[in-house]
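Analysis of the macromolecular model
Single-letter residue listing:
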Amino acid sequence: MGDRELSRREVLAGIAAVGGSGVVGATSGAIVQDDVTVPGGTVSAGAVDLRVETDGESGESRAGTIDVTLSADARSGNRTVTLVNEENPVYPWMRATCLGDDALSEALGMTLSYVGCEDGQESSVVASGESFTEFADDIVDGIVLDGRPETTEQHCLEEGGRLCLELSWILDEEFRGEFATGFSLEFLGQQCRHNDGDSNPFVPTPGCSP
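Calculation criteria
Residues numbered from 1 in each chain as written. Predicted model: local features only at pLDDT ≥ 70, side-chain atom pairs only at ≥ 80, totals over all residues. Heavy atoms only, no water. Helix = DSSP H or I, 4+ residues; strand = E, 2+ residues; numbered from the N terminus. Core = buried A, V, L, I, M, F, W, Y, C linked by side-chain atoms within 4.5 Å. Buried < 20%, exposed > 50% of the residue type's maximum accessible area, 1.4 Å probe, protein only. Disulfide = S-S within 2.5 Å. Patch = residues over 30% accessible without salt bridge, like charges linked within 9 Å, V, L, I, M, F, W, Y side chains within 5 Å. Areas by Shrake-Rupley, 256 points an atom, 1.4 Å probe, with all protein chains shown as cover. Salt bridge = Lys/Arg side-chain N within 4 Å of Asp/Glu carboxyl O. Lys, Arg positive; Asp, Glu negative; His and termini not counted. Charge placed at Lys NZ, Arg CZ, Asp CG, Glu CD.

Turning to the environment of phenylalanine 202, a few remarks are in order. Structurally, the position occupied by phenylalanine 202 is in the segment after strand E14 (180-191). Considering only alpha carbons, one finds phenylalanine 202 and aspartate 141, 61 residues apart in sequence, at a separation of 6.7 Å.

Right, let's talk about the nonpolar core for a bit. The tendency in soluble globular proteins is for nonpolar side chains to be buried side by side. The biggest cluster of nonpolar side chains holds 39 residues, and the ones touching the most others in it are Leu108, Phe135, Leu145, Leu167, Phe183 and Phe187. The element best represented in this core is strand E13 (residues 162-171), accounting for five residues. Core analysis: the next-biggest nonpolar cluster, separate from the first, contains six residues, Tyr91, Cys156, Cys192 and Phe202 among them.

Our next topic: the state of the cysteines. For the structure on display, the rule yields three disulfides. Two residues, cysteine 117 and cysteine 164, share a disulfide whose sulfurs are 2.1 Å apart. Linking cysteine 117 and cysteine 164, the disulfide has an S-S dihedral of approximately 115° and is accordingly described as right-handed. With a gap of 47 residues between them, cysteine 117 in the loop between strand E10 (108-115) and strand E11 (122-129) and cysteine 164 in strand E13 connect regions that are remote in the sequence. A residue is classified by how much of its surface remains accessible, and cysteine 164, at 3% relative accessible area, is buried. Each disulfide pairs two cysteine sulfurs, and for cysteine 156 the partner residue is cysteine 192, the sulfurs being separated by 2.0 Å. Taking the torsion about the sulfur-sulfur bond, which here is approximately -140°, the covalent link between cysteine 156 and cysteine 192 counts as left-handed. A residue pair is termed long-range when its members are at least 10 positions apart, and cysteine 156 in the loop between strand E12 (143-144) and E13 and cysteine 192 in the segment after E14 qualify at 36 residues. Overall, the relative accessible area of 14% leaves cysteine 156 in the buried class.

Time to look at a negative patch on the surface. Taken together, Glu130, Glu134, Asp137, Asp138 and Asp141 make up a surface patch of like negative charges. Mapped onto the elements of the fold, aspartate 141 is located in the loop between helix H2 (132-137) and E12. Using a relative accessible area of 32% as the deciding quantity, one classes aspartate 141 as partly exposed.

This brings us to the pattern of salt bridges. The full count for this structure, using the stated rule, is five salt bridges. The salt bridge partner of glutamate 118 is arginine 162, with a shortest N-O separation of 2.9 Å. With glutamate 118 in the loop between E10 and E11 and arginine 162 in strand E13, this pair connects stretches of sequence that are 44 residues apart. In the salt-bridge network here, residues are joined through shared partners; they are Arg51, Glu53 and Glu86.

Nothing here speaks to function; it is all geometry.
Below you can see the structure in the form of structure tokens.
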């Protein structure tokens, strides 16, 4: 990594919550009937609105997206993401998109953890990697989150429930280069009715490895 070039500014990640990104095809609005086929995939037992909030900003839709923009301004950082379920109990699903910069992907360490919504204390790690590629490859096809991560069994996120996550990142100190790029975390609430949390609603992807 020593022959790369970087200014002394750190990697700054600016995060904005965006609604209606269409995690499973170009659909919008809540789907409440069972076994609905949509462009790009099938949503079993319907999908419901899952509100995504981060640092005072929020967006509401069937599928919520957090866009993470990276630029050569900050070496490390963290951000809390809160999922709010205002409908029936759901299994909260999420996935990451790829970064699109191979050199940066190998130099950027990333961790996503469950944290307490009240105290911000980490309870367990959802996904982690010494490189962004390692981090994203674990979740790029979609994973189901635990509605009650403080327990040892899988739970739905109940109506009125909140689930808090912390995304943290750090850039390898030897990385050199100017850049402006980003990735997304995509969230989808899948009704627990007639589901066991094993039916992935996301369309499979090729992964993020070069």
